[in-house]
Amino acid sequence: MDFFQDVACWGPEYSFDVIFDVGANIGNFTAYAREQFPLATIVSFEPIPPTFSHLQKRLSSNEHQVLENLAVGASNCTVEVDYYVDMKLADRNSLTGDVLLLEDAEKARATVEVITLDSYCADHNVDSIDFLKIDTEGFDLKVLQGADGMLKRGSIKFLEVEVSMNPENDFHIPFGTIIEYLKPYGYRLFGIYEQQPEKRVTVPILRRSNMVFMIARNFKRRKQ
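How each quantity is defined
Residues numbered from 1 in each chain as written. Predicted model: local features only at pLDDT ≥ 70, side-chain atom pairs only at ≥ 80, totals over all residues. Heavy atoms only, no water. Helix = DSSP H or I, 4+ residues; strand = E, 2+ residues; numbered from the N terminus. Contact = heavy atoms within 4.5 Å. Areas by Shrake-Rupley, 256 points an atom, 1.4 Å probe, with all protein chains shown as cover. Buried < 20%, exposed > 50% of the residue type's maximum accessible area, 1.4 Å probe, protein only. Pairing = 2+ DSSP bridges.

Peer 1: Sorry if this is basic, but what is going on with the overall build of the protein chain here?
Peer 2: Counting its secondary structure elements, the protein chain contains seven helices and ten strands. Restricting to contacts in the protein chain with at least 6 residues of sequence separation, those with at least 24 account for 68%. Roughly 11,900 Å² of accessible area belongs to the protein chain as shown, and the carbon and sulfur atoms make up 50% of that amount.

Peer 1: Got a minute to help me understand the pairing of strand β8 (residues 156–164) in this structure?
Peer 2: Regular strands have side chains that alternate between both faces of the sheet. Buried residues dominate β8, accounting for eight of its nine residues. Of the strand pairs in this sheet, strand β7 (residues 129–134) and β8 are connected by five bridges, and their pairing is parallel. Within the sheet, the bridge partner assigned to Leu132 lies in β8 and is Leu159. Relative to strand β10 (residues 206–215), β8 runs antiparallel, the two being bridged by seven bridges. Along β10, the bridge assignment pairs Leu159 with Phe213.

Peer 1: How should I be thinking about the environment of Pro167 in this particular structure?
Peer 2: Here Pro167 lies in the loop between β8 and α7 (175–182). Along the primary structure Pro167 and Arg207 are separated by 40 residues, whereas in three dimensions their C-alpha atoms are 8.7 Å apart.

Peer 1: Would you explain the environment of Glu168 in this entry?
Peer 2: The residue Glu168 is located in the loop between β8 and α7 in this model. Take Glu168: its relative accessible area is 46%, and that puts it in the partly exposed class. Along the backbone, Glu168 and Arg207 are 39 residues apart, and their C-alpha atoms lie at a distance of 7.6 Å.

This is how it looks when you write it as structure tokens:
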């Protein structure tokens, strides 16, 4: 039910010293990770200006916290992004451009800088990431594509991706696509978390979930 507790059961000696929160929104995950690992360096990325301002007010006081007003994607560039003004809708904002489905909601536009994870880590001397959380509303595969070097080296120990669990949800990336993308790098599924039902159809099926993958070669098998 809880990823950090699950890892502790398998390897109580494992330490999460560097955590990346891509798509931090207002910082709920960052705050939770901080409770679990008070001394960890946590880098939180949030590209939408008003959401980032909220994030700064909430989290900037911690010396181990790094806040980046950046998007993470497949290439280094700048893009124009439409977003919801209402902070209650902030978790629906996405760089895909397909998220603005509420026609009556007030929207605005911002110019957003996009950087690859490989570039960011090279520029900031980040050799490894213990846990990479990605929640970018349909943009998750782009984030992984920009982390090719880190993935090839196995420098990301665990990573979490938000995925679609059925064909009716064509907004998030299908879970099979993510599994196949990560397989050549040596990543395998560790666990499935935060399963959300499909509310737009009349049958009780899953809409999305958070899948956590691990680089298997970094984890020693226990003797039977």
